[in-house]
Amino acid sequence: MDITVESLETPALTKAQLAELLFEQIGLNKRESKDMIDAFFDLVAQSLVDGDDIKITGFGNFQIRTKAPRPGRNPRTGEAIPIEARRVVTFHASHKLKEQIQEQGFSSSRFLP
């Protein structure tokens, strides 16, 4: 089953637009579509908060990485400021996604004048 995005009014695909696509192309009602999108992203977010990696075949991997504390500086004043240790989310695209991006290039109507 292919879900197509004909045109986007904004350069970003929003949760509301995803729910609308589920409604239009799969036939879920609008409430079910919104609930499904919200549940998916809540599950992804909670898994990352819990420290679990997310692997979506054909799309990519979301991973939690712990960054060590390091010295930094305020770019405005030049003052040295310590940067505390923190956890960050990283995303690595799958080879399939990378290939799709390379094949499509800028032929998408979103980028044509």
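Throughout what follows, the structure given in this document is the object of discussion. Since this is a predicted model, take the numbers as computed values, not measurements. (Residues numbered from 1 in each chain as written. Predicted model: local features only at pLDDT ≥ 70, side-chain atom pairs only at ≥ 80, totals over all residues. Heavy atoms only, no water.)

### Topic: the sheet that holds strand β5 (residues 86-93)
Then, in step 1: On the basis of which strands lie adjacent, the open sheet formed by three strands has the order β1-β2-β5 and antiparallel pairing. Each edge of the open sheet is held by one strand with a lone partner, namely β1 (54-56) and β5. Direction aside, the axes of adjacent strands within the sheet are offset by 25° on average.
Then, in step 2: The pairing of strand β2 (residues 60-67) with β5 spans eight bridges and is classified as antiparallel. In the sheet register, R65 faces β5, and the bridge partner there is V88. (Pairing = 2+ DSSP bridges. Helix = DSSP H or I, 4+ residues; strand = E, 2+ residues; numbered from the N terminus. Axes fitted to C-alpha atoms, helices over the stretch in contact; angles between N-to-C directions.)

### Some points on helix α1 (residues 15-25)
Then, in step 1: All of the buried residues along α1 are A19, L21 and L22. Around the axis of α1, the buried residues are gathered within 155° of arc, so they sit on the same side. Turned more than 90 degrees away from the buried face of α1, the exposed residues are A16 and E24.
Then, in step 2: Looking at the packing, one finds that the buried side of α1 touches α2 (30-49).
Then, in step 3: Just downstream of α1 lies G27, where phi reads positive at about 100°. (Buried < 20%, exposed > 50% of the residue type's maximum accessible area, 1.4 Å probe, protein only. Arc of directions from axis to C-beta. Contact = heavy atoms within 4.5 Å.)

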